[in-house]
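Next come the chains, spelled out residue by residue.
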Amino acid sequence: MDLSKIPTKDLEYIKAGQLDKVSTSSLQEFAKQRGTPVTPSLSVMEPTPYNKAAEFSRAIAQGLTLNWADELEAALRTGSISDQDYQQLVGQLRAQQGQFRKEQPIVGGAAEFAGSMALPAAAVMRPITKGAGIAADVAIGASLGGISGAGMAERPEDVAGQAVIGSLLGGGASGAFSGLGRLAAPNIRPEAAALREQGIPLTPGSAFGGRIQQIEQSAESLPIVGGIVSGARQKQFEKFNEAAYNKVLSNIDTKLKVPKGLEGRDAYLFVEKSISDKYNDVVPDLRLEFTPKIKSGFDAIKKRYSKGNLSEQDKRQFKTYVDALESDFKANGVISGQKAQAVKQDLAKISRNYLAGTGSSKILGDAFKDLEGFYMNSLRNQNPKYAADLKKVDRAFVDFVRVQNAMSKTRGEDGVFTPAQLESAVRQSDKSARKGAFARGAAPMQDLAGRATSILGQKVPDSGTASRGMTGALLTGGASYVDPLAGGLTALMTAPYYRLGEKAMFSPRPASFTEAVQRARAASPFTVPGLLGLVQ
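For clarity, every value in this text was computed on a predicted model and none was experimentally measured.

About the criteria used
Residues numbered from 1 in each chain as written. Predicted model: local features only at pLDDT ≥ 70, side-chain atom pairs only at ≥ 80, totals over all residues. Heavy atoms only, no water. pLDDT = per-residue confidence, 0-100. Helix = DSSP H or I, 4+ residues; strand = E, 2+ residues; numbered from the N terminus. Contact = heavy atoms within 4.5 Å. Axes fitted to C-alpha atoms, helices over the stretch in contact; angles between N-to-C directions. Parallel < 35°, antiparallel > 145°, perpendicular 65-115°, else oblique. Left-handed = near helix turned anticlockwise from the far one by under 90°. Buried < 20%, exposed > 50% of the residue type's maximum accessible area, 1.4 Å probe, protein only. 1 Å grid on protein atoms, 1.4 Å probe; cavity = no way out; pocket = protein on both sides within 12 Å on 5 of 7 lines; lining within 4 Å. Points joined across faces, edges and corners; volume = space filled by probe spheres on them. Nonpolar A, V, L, I, M, F, W, Y, C, P; charged D, E, K, R; others polar. Core = buried A, V, L, I, M, F, W, Y, C linked by side-chain atoms within 4.5 Å. Salt bridge = Lys/Arg side-chain N within 4 Å of Asp/Glu carboxyl O.

Description of the confidence of the model for the chain
Of the residues in the chain, 88% reach a pLDDT of 70 or more, and the chain-wide mean stands at 80. Confidence scores differ between elements of the chain, with helix α23 (residues 465-482) showing the lowest mean pLDDT of 47 and helix α14 (residues 264-282) the highest of 92. Across residues 476-482, confidence stays below pLDDT 50; counting only partners more than four residues off in sequence or on other chains, it has 10 contacts. In this model, residues 486-491 is a region of pLDDT below 50 whose contacts with residues beyond four sequence positions or in other chains number 13 contacts.

Have a look at this one:
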């Protein structure tokens, strides 16, 4: 008879004739080997003796090691992971832990759960997946769930099945927690958040970018849903126009904004009139007196450009202009506000046109730019009371020129320009050498135009057949098959495309709240072993 399959303790009970204390499995094995045809009755198990402190520590270790503490202890104590001594010790440890949990269910369960929370606590203190997506969270949760599930298996043949169950539960729970965390504190692109601060509403595509933005844009061709998405994106462009107009007006007064209800060309006319009115407030009070300092300044500029690389024709042209301007001064001894403003605008236009050229033409532009600078400094120095207001409205006019050029590219009656049209106008208006200001990102209105172009996007550039096919599947129930994040957004359907839904989803959260949610979301996959222990 082979008694190696019967634990030593049970053999002692059998030898002593105390069959009521022998485990059921040992009785069955003993009867089987003796050829007894009758299946023995369940034995009455004697309570397994244990040390409370030791089992409390083992419960903590069980949670800390993803339910593998008993196997690890047995392996360390026997020096094996498969022989009879190892198997007997594992059985003994599990019996002791089972008896402890039976008699102390709350203490034992709490100890194991506390141990399982050590890893999530560490992940909260120092997140390692804070920037990872839902797919990464699901992968981590599924892996930990599989390991923990395998550790719960009582018999070797149950390991694979328990691992699969644990993996499925872990992945599902991690995906759910991660998705809820993203809804509570969505990880919006910083550039998109900056646009929202300027009054431009966000859609899921503009907020998150990437695949979500592609799906959103291709969804515009779908029935019903397409109209909702298109309407929301059209509102974005309208609000972008409003933000551009308000940026122009902020040069004059930070509190001056386009009135509610004014859109398209009506908003454009309001801004144009506001700039004109401000000039009318300032210009009539300006005056520029012909002083010896101005006379010497004109002479110095003419002398500077009478030599150098200018052609003889350009030198004569520049000298003729300066002489004519000086003659106007001498005639009356002073230039009034309206005349001073006209001269200022004329100099700006001439210098801008020549600077756009190359070679000698550009050098001539430099000459007129120097003359414009001297003239403007003189105008401000002689009118200190109005210098600040003049500078403000001049800055507003510079920005407004870019908006004018963008508006000239629009079609139809709406008069709504796109971010790309404004960015093109910004580049076109840059008269610096080799478009240097635009290349550096320092051209007027470039910050708003460039950011909006990258965030608000354009239509899908191809025919859209493949994208629309995928979008149709997503919006009719197959979203989670393609992308968990897309599935979550699809479940919300069109709510984010309405004002209240957009506000609920994308309105700024307190920094402390966002940080707490992000840390909790990053730690959520590591709570899987503890949750599986509670379920068990």
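Here's the deal with the packing of helix α16 (residues 312-332) against helix α18 (residues 360-382)
For the pair α16 and α18, interaxial distance at closest approach is 10 Å and the crossing angle is 20°. Between α16 and α18, the angle falls in the class roughly parallel. Every pair of crossing elements has a handedness; the one defined by α16 and α18 is right-handed. Listed contacts from α18 to Asp314, Gln317, Phe318, Tyr321, Val322 and Phe329 of α16 are Ser360, Leu364, Ala367, Phe368, Leu371 and Tyr375.

Things to note about the environment of Ala388
Here Ala388 shows up in helix α19 (residues 384-407). What makes Ala388 partly exposed here is its relative accessible area of 47%. The spacing of Ala388 and Ile252 is 136 residues in sequence and 10.0 Å in space, taken between C-alpha atoms.

Things to note about empty space enclosed by the protein
Taken as a whole and assessed by the stated rule, the structure comprises three cavities of 30 Å³ or more. As a volume, the second largest cavity reaches approximately 60 Å³. Lining the second largest cavity are Glu238, Asn241, Glu242, Tyr245, Val258, Leu262, Glu263, Gly264, Ala267 and Val416. Taken together, the elements giving at least two residues each to the lining of the second largest cavity come down to α13 (225-249) and α14. In terms of residue class, the lining of the second largest cavity is made up of five nonpolar, two polar and three charged.

A short note on the nonpolar core
Core analysis: the biggest nonpolar cluster contains 68 residues, and Tyr245, Ile275, Phe318, Tyr375, Val403, Phe417 and Leu422 have the highest contact counts within it. Those residues in contact with Tyr375 that lie beyond four places of it in its chain are Leu288, Phe329, Lys339, Ala340, Val343, Lys344 and Leu347.

Notes on the pattern of salt bridges
Scanning the model with the defined rule gives 25 salt bridges in all. Residues Glu220 and Arg233 are paired through a salt bridge, measuring 2.5 Å at the closest nitrogen-oxygen approach. Of this pair, Glu220 sits in the loop between α12 (210-218) and α13 while Arg233 sits in helix α13, and the two are 13 residues apart along the sequence. For Glu263, the salt bridge goes to Lys235, with nearest N and O atoms at 3.8 Å. In this pair, Glu263 sits in the loop between α13 and α14 while Lys235 sits in helix α13, placing the two residues 28 residues apart along the sequence. Under the relative-accessibility criterion, Glu263 is labelled partly exposed at 41%. Three or more residues joined by partner-sharing salt bridges are found here, namely Lys295, Asp299, Lys302, Lys319, Asp323, Glu326 and Lys330.

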